[in-house]
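# Architecture at a glance
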Amino acid sequence: MEPRNEELDVPNLTDWLNTPLAGLMPVEQAFRCHVCKDFYNSPMLTSCNHTFCSICIRRYLSTDPTCPLCRAKVEEVKLRGNWALREAVDAFVQARDTLLQVARKPVAAPSPPKRKAAEYDETHTDGRENKRHRMSTRSRRVKGGEVTAAMMREEYDAIESDDSTYSEPDDGLVACPICQKRMKVNQVDPHLEASCVGPPDEQSSSASRSRGNPNSNSRSARPAVQISPQKTRPERLPALAYSMIKDGALRKKMAELGLSTAGSRPMLERRHQEWVIIWNANCDSAKPKKRFELLHDLEVWEKTMGTRAPTSSRAAILGAQIKDKNFDREGWANKNKNSFQDLIANARRTRNQVEKQNREASEEQQKDSEKQRHEQLPEVMDLTGPSSQPEGKYKAEGKSKAEVEGEGESKVEMDIPLDEGFHPADYSPEPPHYGILEQPKEMQYVPHQGPVPPGNAEMPIQSKPTFLPQ
Amino acid sequence: MAPGAQFAAKRLGKELTKISKGLPAGIVLVQGDNFEEWLLDIQVLDSNPLYMGQTYRLKFKFGSSYPIEPPEVVFVKLPDRPIPIHPHIYSNGIICLDLLGQQGWSPVQNVESVCMSLQSMLTGNTKNERPPGDEEFVRGNRLRPKDIDFYYHDNNV
């Protein structure tokens, strides 16, 4: 029942251009959210008196707690629903199609012949897209008064054609061409613009509402007038301070909310945060969705945002975590300090062993060749010398080998931001060196199982350059 | 439709429809057939001798979080599309403008407003120079524009 269309080809501001009702463009602009550019969906008022869709402002505040329009500090808990605007938007959206039909009509034609309601609808829905341009140019030539007259004629036509199919009560009233509500002739126009709620078959409840039906219990249409007790609404969820909450507690909380607890810590946080946004925005909605629909939304979000990679391996997730702009580089360096030092020590040991072996070998060969050349070992040998790496290390740390390798993989991952379409080569003729040159020499000897990664573990932590133009 | 990538696509769809009805003078959409990357040409319309008669190519890249997150905007060098000379535009096309950073960006901005900001940034410039450290930056930079920590010091842009 939401006025928003599913396709991308949705009603647009520019629909009014080149029509006699071009003055409605700024009106419609005022009914649209500055963030999503769509009609306000559950508009919320900030403490700086700006209005945004509930989901838009909540999502933005989760990245930056300021107003997108004036940069004033905005607290999410202080958002308040702008119900009057919600009504205005809903009413405008309801009236919009009719208004647009009227605006695009070739009004210069002398009193058009009577048509059946069905035909009337056909010409104005099917033919609308093709005829748009021609009609609008023609109608531009017509003066305002004629337009109104023509509009009225059209409405009567529609009503009269209704007469031919339905028996009309002789009460001196006419039916609204949209919602069939009966009223005086001169009330039709204001009614269409202000309070018509749409075809009765689609919106029987809305129609009854606009007739002041006391049985109507929907609070969405006239909350201020119809003093009906608030339905029990779902409670809003509080935001969590993720830095203060332990893994177990977060998982427990999410399990209580019925959310998946799969994935890494940062995934859990993002999932929880998105759920809070979706849920709280839904609390602001006049027609709240069911819980399972929200869960579906969350699932779609998770798929489209790429947080759930097709192979959601631990390494990939860690990689995504490290790529994140908010990644705590120092914290990561400190947390994994021991691990890094172990790896460095291992690498040195391995290197020494290999050097020693080679030296011994070269001494044997010394008779028929010069040994000095073999003294300088190719670095590749160091890196591909895992055979001499002590296997016991993995057990010593109480980690499985796979886990340690996973960490190794994640180090590969963190150099990946380049694969998102931005190639450094676009900006420089040189091949990327991933900042490895800024590392202490021994860092290049971190042993890896498998192919040598393009960078190494601490690269993103230390090598993020800061470019100060002054 | 759900949040996420469709959120960005929906918003971009709206911008595209609006753009197709007309853009301000000096801004032309060159390519906008997807919701990931658009190309636009901009011109400086006044008689600033630094930019007179030139057309510049802009590349917009939109993430799935657009417009919550800013797009990535850079100038692209082509045979007939130079990189405009400006103390805040590096010769590899990267632009130092707070509007395009996490801090300065606001979701009420859009492609059109970004283009207009860049137009006015060029119009107001009188210095025929690149940013300090341009050569070094261009040679050494391996970061995406959004990951660079710019220090926005100049309020006269």
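Because the structure is predicted, anything quoted here is derived from the model rather than measured.

## Some points on the pairing of strand β4 (residues 72–76) of chain B
Residue and element names in this part refer to chain B. Within β4, 4 of the 5 residues are buried, leaving the element largely enclosed by the surrounding structure. The pairing of strand β3 (residues 55–61) with β4 spans 5 bridges and is classified as antiparallel. Residue pairing for β4: Lys-59 is matched across the bridge by Val-74.

## Some details on the sheet that holds β4(B)
All names here are of chain B. The antiparallel open sheet is built from 4 strands, whose spatial order is β1-β2-β3-β4. Of all strands in the sheet, those with a lone pairing partner are β1 (27–31) and β4, marking the two edges. Ignoring which end each strand starts from, the neighbouring axes of this sheet average 30 degrees apart. Against the sheet, helix α2 (residues 111–123) makes contact with β1, β2 (37–43), β3 and β4, and its axis sits at roughly 35 degrees relative to β2, the strand it touches most.

## Some remarks on the packing of helix α9 (residues 247–256) of chain A against helix α10 (residues 265–284) of chain A
Packed helices, taken two at a time, are described by the angle their axes make and the gap between the axes. All names here are of chain A. Interaxial distance between α9 and α10 falls to 11 Å at its minimum, and their mutual angle equals 40 degrees. Relative to α10, the element α9 is oriented oblique. Here the hand of the crossing between α9 and α10 comes out left-handed. Taking contact as the criterion, the partners of Asp-247, Leu-250, Arg-251 and Met-254 in α9 are, on α10, Arg-265, Leu-268, Glu-269, Arg-271 and His-272. A per-class count over the contact of α9 with α10 returns 3 nonpolar, 1 polar and 5 charged.

## As for unusual backbone geometry
Here the bond from B:Tyr66 into B:Pro67 is cis, since omega is 0 degrees, no more than 30 degrees from zero. Checked against the element boundaries, B:Pro67 lands in the loop between β3 and β4. Its identity is not glycine, yet A:Lys37 carries a phi of approximately 65 degrees, on the positive side. Considering the arrangement of structural elements, one finds A:Lys37 in the loop between α1 (24–30) and β1 (43–45). With a phi angle near 70 degrees, A:Asn49 is a residue other than glycine that sits in the positive phi range. Relative to the helices and strands, A:Asn49 is located in the loop between β1 and β2 (51–53). Given a relative accessible area of 60%, A:Asn49 falls into the exposed group.

## Considering the UniProt feature "domain: SAP" (unreviewed entry) in chain A
Those places that UniProt annotates as "domain: SAP" (unreviewed entry) correspond, in this numbering, to residues 242–276 of chain A. Secondary structure over residues 242–276 of chain A splits into 63% helix and 0% strand, and the C-alpha atoms at its two ends are 13 Å apart.

## Quick notes on the sheet that holds β2(A)
Within a sheet, each strand pairs with its neighbour through backbone hydrogen bonds, oriented either parallel or antiparallel. Residue and element names in this part refer to chain A. Taken in spatial order, the 3 strands make up an open sheet running β2-β1-β3, and their pairing is antiparallel. With one partner strand each, in any of the chains shown, β2 and β3 (80–81) form the two edges of the open sheet. When β1 meets β3, the two strands line up antiparallel, connected through 2 bridges. Paired with Leu-45 across the bridge in β3 is Arg-80. In the packing of helix α2 (residues 54–61) onto the sheet, contacts are made with β1 and β2, and the angle to β2 comes to roughly 95 degrees.

The rules behind these values
- Residues numbered from 1 in each chain as written.
- Chains lettered and ligands numbered in written order.
- Predicted model: local features only at pLDDT ≥ 70, side-chain atom pairs only at ≥ 80, totals over all residues.
- Heavy atoms only, no water.
- Buried < 20%, exposed > 50% of the residue type's maximum accessible area, 1.4 Å probe, protein only.
- Helix = DSSP H or I, 4+ residues; strand = E, 2+ residues; numbered from the N terminus.
- Pairing = 2+ DSSP bridges.
- Axes fitted to C-alpha atoms, helices over the stretch in contact; angles between N-to-C directions.
- Contact = heavy atoms within 4.5 Å.
- Parallel < 35°, antiparallel > 145°, perpendicular 65-115°, else oblique.
- Left-handed = near helix turned anticlockwise from the far one by under 90°.
- Nonpolar A, V, L, I, M, F, W, Y, C, P; charged D, E, K, R; others polar.
- UniProt positions renumbered as here; feature names shortened; annotations may be inferred.

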